[in-house]
Amino acid sequence: MKPAVAFALLSMAFLAGCSGDGSASEAPVEVETVVVSCSDISRTVEFSALLEAGSEAFLLSPGGILQRIAVREGDSVTAGEIIAEMSGDASLWGTVTEAEAGLRAALTMEERAANDANRSRQLFEAGAVSEAALSGAMAASTAAEAAVERARLARAAALAGVRTGVLTAPFDGTVGTVRGRRGELSSPGDIVASVIGEGLTVRLLVPERYLLEIRPGMTAMFQPALREYPSLEGAVESVARSVDPLTGLVPLTARFPAGEGAPVPPGISGVLSIELAQARGAVVIPADAVLMAGGIMQVPVLDEHGRVDLRTVEVGIQSGDSIQLTSGVGFGEEVILSSSARLTQGLQAVRRPF
């Protein structure tokens, strides 16, 4: 056999032994995996915020004298409950007195006129008085009745003038402040008392990018900066559907209950968290396991034969280091988190020993 032919045969045999299907000469790649299990995931945003009273109303004096203050600071009140009663000046009370005296006089005249009318009717039937006399007595009785009605209206008007200063609670809540004392003169616009509504609120401005993401009803959490106070769970109450023209931000309000245990007072600063999205019982994996290849998202999975299977996936919620997969990978499968070499489709792999 010629040397050149022998060399060629030996070379072919060597290449055949080294290549084959590649499995005999290539050691499996070591990989670290995690088994996909059922998980919950949510996406939240956080803002620095200040906790305020849920609502506070100041009851202002219409002007006059404080006749009665029906509450004390800290009292619980219901909507419509009387907080204070104001009177006008002395002339208003004088009008009421005059109106009441006029009503009493009108009632007396009405009674007399009615008696006269009855007596005239009896005398007319007996032929003792003329029909004209009877008609006159009946007209006088009718006029007396009308006078009583006018007197009643005058008295009601006088009382209404005095009672324009009746101040009532605009909603259920707690009396915050009470100013002034009974008998003191109160000028128009003076604060007589305040009522604080139940619950607490956070008002703030958020960046424009959240305009379409944050909606009323979303879960909101407030974590006070002081550890002695518990966190509060509430909801987004309102969010503007347009951007504030001065700040370029979006006004938002979240409302919370007063809390249990140690009450959280208004004025406490903390962090407001709003849950933008939530998925329960989802496929959730570490976000680092998602690979990008030509604009396509893939996740390497170690299949039952010990080979790498690059799955095209769709993603949902991303929260911190975790991400939700909405397709491509199912529960119980092993997702490859890291490897000792570059991963390709069909590559033989083995779990890294602990």
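Everything discussed here concerns the structure shown above.
Residues numbered from 1 in each chain as written. Predicted model: local features only at pLDDT ≥ 70, side-chain atom pairs only at ≥ 80, totals over all residues. Heavy atoms only, no water.

Please provide a residue-by-residue account of the overall build of the protein chain, values included.
Regarding its fold elements, the protein chain presents three helices and 22 strands. Residue burial in the protein chain is summarised as follows: out of 354 residues, 31% are buried. If you take every contact in the protein chain between residues at least 6 apart in sequence, the share linking residues at least 24 apart comes to 73%. For the protein chain, the computed accessible surface area is about 20,900 Å², with 55% contributed by carbon and sulfur atoms. (Helix = DSSP H or I, 4+ residues; strand = E, 2+ residues; numbered from the N terminus. Buried < 20%, exposed > 50% of the residue type's maximum accessible area, 1.4 Å probe, protein only. Contact = heavy atoms within 4.5 Å. Areas by Shrake-Rupley, 256 points an atom, 1.4 Å probe, with all protein chains shown as cover.)

How would you summarise the pairing of strand β2 (residues 38–53) if you had to cite specific residues and measurements?
Both β2 and strand β15 (residues 269–286) contribute to a ladder of 12 bridges, which runs antiparallel. Directly across from Ser-39, in β15, lies its bridge partner Ala-282. Of the strand pairs in this sheet, β2 and strand β11 (residues 200–206) are connected by three bridges, and their pairing is antiparallel. Paired with Ala-53 across the two strands is Leu-200, which belongs to β11. (Pairing = 2+ DSSP bridges.)

Let's hear about the environment of Gly-199: which residues, and what values?
Here Gly-199 is to be found in the loop between β10 (191–197) and β11. Once the C-alpha coordinates of Gly-199 and Gly-173 are considered, the two residues, 26 residues apart in sequence, prove to be 8.9 Å apart.

Which residues make up the sheet that holds β10, and what are the values?
Taken together, the four strands give an open sheet; going across it, the order is β3-β10-β8-β5, and neighbouring strands pair in antiparallel fashion. Each edge of the sheet is formed by a strand with only one pairing partner; in this case those strands are β3 (56–60) and β5 (76–77). The pairing of strand β8 (residues 173–178) with β10 spans four bridges and is antiparallel. Residue Val-178 lies in a different strand from β10, and its bridge partner there is Ala-193.

If you had to explain the side chain of Thr-253 to someone new, which residues and values would you point to?
One can find Thr-253 in strand β14 (residues 250–256). The residues contacting Thr-253, other than those within four sequence positions of it, are Thr-201, Val-202, Arg-203, Val-236, Glu-237 and Ser-238.

I'd love a proper account of the environment of Ser-39, names of residues and values included.
Among the secondary structure elements, Ser-39 is positioned in strand β2. For the pair formed by Ser-39 and Arg-280, sequence separation is 241 residues and the distance between their alpha carbons is 6.5 Å. In this view, Ser-39 contacts Ala-279, Arg-280, Gly-281, Ala-282 and Val-284; residues no more than four positions away in its chain are not counted.

Residue-level account of the nonpolar core, with values.
Counting residues in each nonpolar core, the largest one holds 27 residues, and the members touching the most others are Leu-252, Phe-256, Leu-272 and Ile-274. At the level of elements, β2, β11, β12 (219–224), β13 (232–239), β14 and β15 are the ones that each hand at least two residues to this core. Discounting residues that sit within four places of it in the chain, Ile-274 has contacts with Arg-43, Thr-44, Val-45, Phe-47, Ile-214, Met-218, Thr-219, Ala-220, Val-236 and Leu-252. (Core = buried A, V, L, I, M, F, W, Y, C linked by side-chain atoms within 4.5 Å.)

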